[in-house]
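Read off the chains here:
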Amino acid sequence: MNIIIAGNGKVGMTLARQLSVEKHDITLIDSDQQVLNACVENFDVMAVYGNCAAMDVLLEAGVKPFIVPAMGSHGGATAEGQLQILKDLDVTEEFCGCP
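Residues numbered from 1 in each chain as written. Predicted model: local features only at pLDDT ≥ 70, side-chain atom pairs only at ≥ 80, totals over all residues. Heavy atoms only, no water.

### Digging into the pairing of strand E2 (residues 25–30)
Then, in step 1: Most of E2 sits out of view: 5 of its 6 residues are buried.
Then, in step 2: Relative to E2, strand E1 (residues 2–6) runs parallel, the two sharing 5 bridges. Each residue of the ladder has a partner; that of Ile-3, found in E2, is Ile-26.
Then, in step 3: Taking the sense of rotation as the criterion, the β-α-β connection linking E1, helix H1 (residues 10–21) and E2 turns out right-handed.
Then, in step 4: As defined by bridge partners, E2 adjoins strand E3 (residues 46–49) across 4 bridges and the pair is classed as parallel. What sits directly across from Leu-28, in E3, is Ala-47.
Then, in step 5: After leaving E2, the chain enters helix H2 (residues 33–42) and then returns to the sheet as E3, a path that is right-handed. (Buried < 20%, exposed > 50% of the residue type's maximum accessible area, 1.4 Å probe, protein only. Helix = DSSP H or I, 4+ residues; strand = E, 2+ residues; numbered from the N terminus. Pairing = 2+ DSSP bridges. Right-handed = clockwise from strand over helix to strand, strands pointing away.)

### Here we look at the sheet that holds E2
The strands that make up a sheet pair up through hydrogen bonds in the backbone, lying either parallel or antiparallel.
Then, in step 1: The strand order E1-E2-E3 describes an open sheet built from 3 strands, whose pairing is parallel. Looking at the sheet topology across the chains shown, the edges are occupied by E1 and E3. Mean inter-strand twist for the sheet, computed between neighbouring axes without regard to direction, equals 20 degrees.
Then, in step 2: Across the face of the sheet, H1 comes into contact with E1 and E2 while running at roughly 165 degrees to E1.
Then, in step 3: On the sheet, H2 packs against E2 and E3 and is oriented at approximately 175 degrees with respect to E3. (Axes fitted to C-alpha atoms, helices over the stretch in contact; angles between N-to-C directions. Contact = heavy atoms within 4.5 Å.)

### A look at the nonpolar core
Then, in step 1: Judged by nonpolar contacts, Ile-3, Ile-5, Ala-16, Leu-19, Ile-26, Leu-28, Leu-36, Cys-39, Phe-43 and Val-45 together constitute the single largest core of 10 residues.
Then, in step 2: Among all residues touching Val-45, those that are not within four sequence positions of it are Ser-20, Ile-26, Leu-28, Cys-39 and Val-40.
Then, in step 3: Core analysis: the next-biggest nonpolar cluster, separate from the first, contains 5 residues, Ile-29, Val-48, Leu-58 and Ala-61 among them. (Core = buried A, V, L, I, M, F, W, Y, C linked by side-chain atoms within 4.5 Å.)

Dropping the structure here:
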């Protein structure tokens, strides 16, 4: 399984260690190059340096973005109505770089 871990603090490091042992394909994203280097040296992982909230960094890590409208009763509680609300706010697949 391909897994991306955004942030390599205590939890991220623990996840990377365990999932690497289980032979998953792991990509770590972090803004601390030294921490990433240490993980690459100690675990079977790939690393991407950068802000894990930046779309270009996420794309470099292999993320395939998508939009999930999840607004409860907004938009008449229908997917179509929720998509219309997002469109009215200019939150579209094109704007977000989603397929």
